[in-house]
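A structural walkthrough
The chain contents come next:
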Amino acid sequence: MQLYNTLTRAVEKVVPLKPGVLTFYTCGPTVYDQTHIGHMRTFVGNDVLRRTLEYLRHNVKHVMNITDVGHLTSDEDAGEDKVEKGAIKSGKTVWELTSFYTDIFFNTMKQLNVLEPAVVCKATDHVQDMIDLIKILEEKGITYVTEEAVYFDVTKFSDYGRLSRQDLLEKQKGVRPEVVVDPNKKNPADFALWFKRQGRFANHTMHWDSPWGDGFPGWHIECSAMSMKYLGPTIDIHTGGVDHIPVHHENEIAQSEAATGKQFVRLWLHHNHLHVDGEKMSKSKENFYTLEDVVAHGIDPKSLRLLFLQTHYRQPMNFTWNAAKGAHETYKRLKEYILAFRKQNSRTMMTEDKLSMIDHYQLKFRLALENDLQTPQALAIMWDLVKSNVTSEDKLDQLYEFDRVLGLGLREMTADVIPDEIKALAKQRQQKRAQKEYEAADVIRQDIEHKGYIVEDVGSSFKLKKK
Ligand code: AMP
Ligand code: ZN
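Below, the structure is looked at part by part.

Definitions and limits used
Residues numbered from 1 in each chain as written. Chains lettered and ligands numbered in written order. Predicted model: local features only at pLDDT ≥ 70, side-chain atom pairs only at ≥ 80, totals over all residues. Heavy atoms only, no water. Helix = DSSP H or I, 4+ residues; strand = E, 2+ residues; numbered from the N terminus. Buried < 20%, exposed > 50% of the residue type's maximum accessible area, 1.4 Å probe, protein only. Polar contact = N/O pair within 3.5 Å; in protein donor to acceptor, adjacent residues only side chain to side chain. Salt bridge = Lys/Arg side-chain N within 4 Å of Asp/Glu carboxyl O. Near = heavy atom within 4 Å. 1 Å grid on protein atoms, 1.4 Å probe; cavity = no way out; pocket = protein on both sides within 12 Å on 5 of 7 lines; lining within 4 Å. Sits in = over half its atoms within 2 Å of the grid points. Nonpolar A, V, L, I, M, F, W, Y, C, P; charged D, E, K, R; others polar. Axes fitted to C-alpha atoms, helices over the stretch in contact; angles between N-to-C directions. Parallel < 35°, antiparallel > 145°, perpendicular 65-115°, else oblique. Contact = heavy atoms within 4.5 Å. Donors = N, O, S within 2.8 Å, 3.2 Å for Na, K, Ca; no water. Points joined across faces, edges and corners; volume = space filled by probe spheres on them. Core = buried A, V, L, I, M, F, W, Y, C linked by side-chain atoms within 4.5 Å. Pairing = 2+ DSSP bridges.

**Structural notes on the side chain of His270**
- Relative to the elements of secondary structure, His270 occurs in strand S11 (residues 265-271).
- Accessibility expressed as a relative area gives 5% for His270, which makes it buried.
- Polar contacts involving the side chain of His270 include one to the side chain of Thr6, which spans 2.8 Å.
- At 2.8 Å, the side chain of His270 forms a polar contact with the side chain of His249.

In structure tokens form, the structure reads like this:
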């Protein structure tokens, strides 16, 4: 398989460092607020990557962290801790808040058919690993301590800026003056490994003892410590959103490579962002949508997954409710096809050329994914097979096979159960029509629609469907 590596700006073949296992780390959510459709896009993207690697017979070890401490409102050490701020706003304790939003995150992922990583690790359970890593950096003379924090000195790591291709001087110039909050920080791009429970953080609720005093870890050290703990010093694939490139991932590389002297990550993959109606999502613009909003619009979560797959992960994506409704209609059509194929439940004999047609779709599907995860193409090939004149269960089996990657839940698709109340209404309507009372029949039709169903006339009978 080939993937675009942000580090080299080239599409490269994926070859695990150690044959037999492919190590894969994903920067997980910061659990201080709702999971929104932007997060959903990124985590569905990670899931499709993991499923593809497994489809291509890699033995994947997937690790994802949960950031429940240390992520400040600015990635560059300014502002408050997002979790502490969220707890004050909600009236919950920090622990209640993080547990509440972690549950929402995983519940959302489940509805989107996102598989759970083999290891899910919480930052607050790994503080000792972070302290141990900071100690190694300190022994190597790469850190310094101020009244407020322990910093990583970026001038001591010659490769700093390689991922985002910014040279250090340029990067230092780029750091906004208000971001430099500690007057004793040596270089604006230096970043905190450990915040002391002092000054602006004097009342921080989450805190641990450390060689540098009571305090809490910085966000970046969390990912270095946890990823290397579970996957070793060199990781095959590390993913995140494009916003992670200039600060978070740059800092992860600096800390990890300075500590181990080894290459930290062989291939960096970044998901592009999702915008809503052409704008960045934000609560103030009221365009910050959750899965609840999606369901309230009558859109099945799996159709949202389908919508994400229609755009390549490196392209920005614009979300509109119209596009989401379109994906919902497409998903419904797919379901109708699948249910219809299942009804032809006799295993008809396949002729040689029909079998080779299936092989042909299978090959095209694999090639699309092997080519930097071209999910829009893979979907198109799935549709080609759906619409092809291949019949019999072999077609269905092949579609299920494609769904190991797509995760649209084809196997689990079942016919909608129509409530008795709706069936009764449809019968009443049919009687009105038979009596030529068309207006009354239409009122009943509207009532049925209002209740979420569609009635279609089939000769003198009718068919009911979910909207
Ligand atoms: P956070 O919880 O803010 O740390 O974000 C978790 C993941 O979601 C990161 O990989 C982000 O890059 C990603 N993410 C945040 N906002 C968006 C967005 N609008 N579109 C796509 N991914 C996003
Ligand atoms: Zn991370």
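**Some points on the pattern of salt bridges**
- Applying the stated criterion across every chain, the model contains 25 salt bridges.
- Arg162 is paired through a salt bridge with Asp159; the nearest N and O atoms lie 2.8 Å apart.
- Classification of Asp159 as partly exposed rests on a relative accessible area of 32%.
- The salt bridge partner of Arg404 is Glu401, with a shortest N-O separation of 2.6 Å. One end of the pair is Arg404 and the other is Glu401, both in helix H13 (residues 393-406) and three residues apart, which spans about a single turn.
- You can call Arg404 partly exposed: its relative accessible area is 40%.

**Description of the site of ligand 1**
- Taken together, the neighbourhood of ligand 1 is formed by 15 residues, with Thr30, Gly38, Thr42, Asp243 and Leu274 sitting nearest.
- Within the backbone of Thr30, an N or O atom sits 2.9 Å from an oxygen atom of ligand 1.
- One nitrogen or oxygen atom from the main chain of Gly241 is found 3.1 Å from an oxygen atom belonging to ligand 1.
- Of all the cavities here, the one that holds ligand 1 is the largest pocket.
- Broken down by secondary-structure element, the contributors of at least two residues to the shell around ligand 1 are helix H1 (37-55) and strand S10 (235-241).
- Among the elements that line the shell around ligand 1, the one with the most residues is H1, at four residues.
- Tallied by class, the residues present in the shell around ligand 1 amount to four nonpolar, ten polar and one charged.

**Observations concerning the packing of helix H9 (residues 301-309) against helix H10 (residues 321-343)**
- Axis separation between H9 and H10 bottoms out at 8 Å; the angle between their running directions is 110°. Classified by the interaxial angle, the pair formed by H9 and H10 is roughly perpendicular. Judged by residue contacts, Lys302, Ser303, Leu306 and Leu307 of H9 engage Ala323, Ala324, Ala327, His328, Thr330 and Tyr331 from H10.
- Grouping the constituent residues of the contact of H9 with H10 by class yields six nonpolar, three polar and one charged.

**Quick notes on the environment of Phe216**
- By secondary structure assignment, the location of Phe216 is in strand S9 (residues 215-217).
- Residues Phe216 and Trp194 lie 22 residues apart in sequence; the distance between their C-alpha atoms is 5.8 Å.
- The contact partners of Phe216, leaving out residues within four places of it in the chain, are Val69, Gly70, Asp81, Trp194, Phe195, Phe201, His204, Met206 and Trp208.

**Quick word on the environment of Asp447**
- Summarising the element assignment, Asp447 is placed in helix H15 (residues 438-450).
- In this structure, the C-alpha to C-alpha distance between Asp447 and Ala426, residues 21 residues apart in sequence, is 9.9 Å.

**Remarks on the side chain of Gln398**
- Within the element layout of this structure, Gln398 appears in helix H13.
- Classification of Gln398 by relative accessible area gives buried; the value is 7%.
- Among residues more than four places away in sequence, those in contact with Gln398 are Tyr55, Ile358, Gln362 and Leu385.

**Things to note about the coordination of the zinc ion (ligand 2)**
- Coordination sphere of the zinc ion (ligand 2), protein contribution only: Cys27 (SG), Cys223 (SG), His248 (NE2) and Glu252 (OE), at 2.1 to 2.8 Å.
- Here the donor residues for the zinc ion (ligand 2) map to a single chain with the spacing C-x195-C-x24-H-x3-E. Of this pair, His248 and Glu252 both sit in helix H7 (residues 245-260), four residues apart, which is roughly one turn of the helix. The same class applies to His248 and to Glu252, which are both buried.

**Here's the deal with the layout of surface pockets**
- In this structure, the largest pocket spans a volume of roughly 1,300 Å³.
- Residue lining of the largest pocket: 41 residues in total, with Tyr32, His36, His39, Lys82 and Phe288 positioned closest to the centre.
- Considering only residue class, the lining of the largest pocket consists of twelve nonpolar, 20 polar and nine charged.
- Together, 29 residues line the second largest pocket, and Lys335, Leu339, Thr414, Ala415 and Asp416 are the ones closest to its centre.
- When contributions to the lining of the second largest pocket are tallied by element, the ones reaching two or more residues are H9, H10 and strand S15 (461-466).
- Tallied by class, the residues present in the lining of the second largest pocket amount to twelve nonpolar, four polar and 13 charged.

**Here we look at the nonpolar core**
- Judged by nonpolar contacts, the single largest core of 125 residues is most densely connected at Leu3, Ile37, Phe152, Leu304 and Phe319.
- No other element matches H1, which puts eight residues into this core.
- Setting aside residues up to four positions removed in sequence, Phe319 forms contacts with Ile37, Leu274, His275, Val276, Asp277, Tyr289, Leu304, Leu307 and Ala324.
- Counting residues in hydrophobic clusters, the runner-up holds nine residues, among them Ile418, Ile422, Ile444 and Leu464.

**A look at the sheet that holds strand S3 (residues 22-26)**
- Reading across from one edge, S5-S4-S3-S10-S11 is the order of the five strands in this open sheet, with parallel pairing throughout. Each edge of the sheet is formed by a strand with only one pairing partner; in this case those strands are strand S5 (119-122) and S11. Here the strands of the sheet are splayed against their neighbours by 20° on average, with no regard to which way each runs.
- Where strand S4 (residues 60-66) meets S5, four bridges bridge the pair, whose relative direction is parallel. Its bridge partner lying in S5, Asn65 is registered against Cys121.
- Along the sheet, H1 makes contact with S3, S4, S10 and S11, crossing S3 at roughly 175°.
- The strands that H7 touches are S10 and S11; relative to S11, the one it contacts most, it runs at about 165°.

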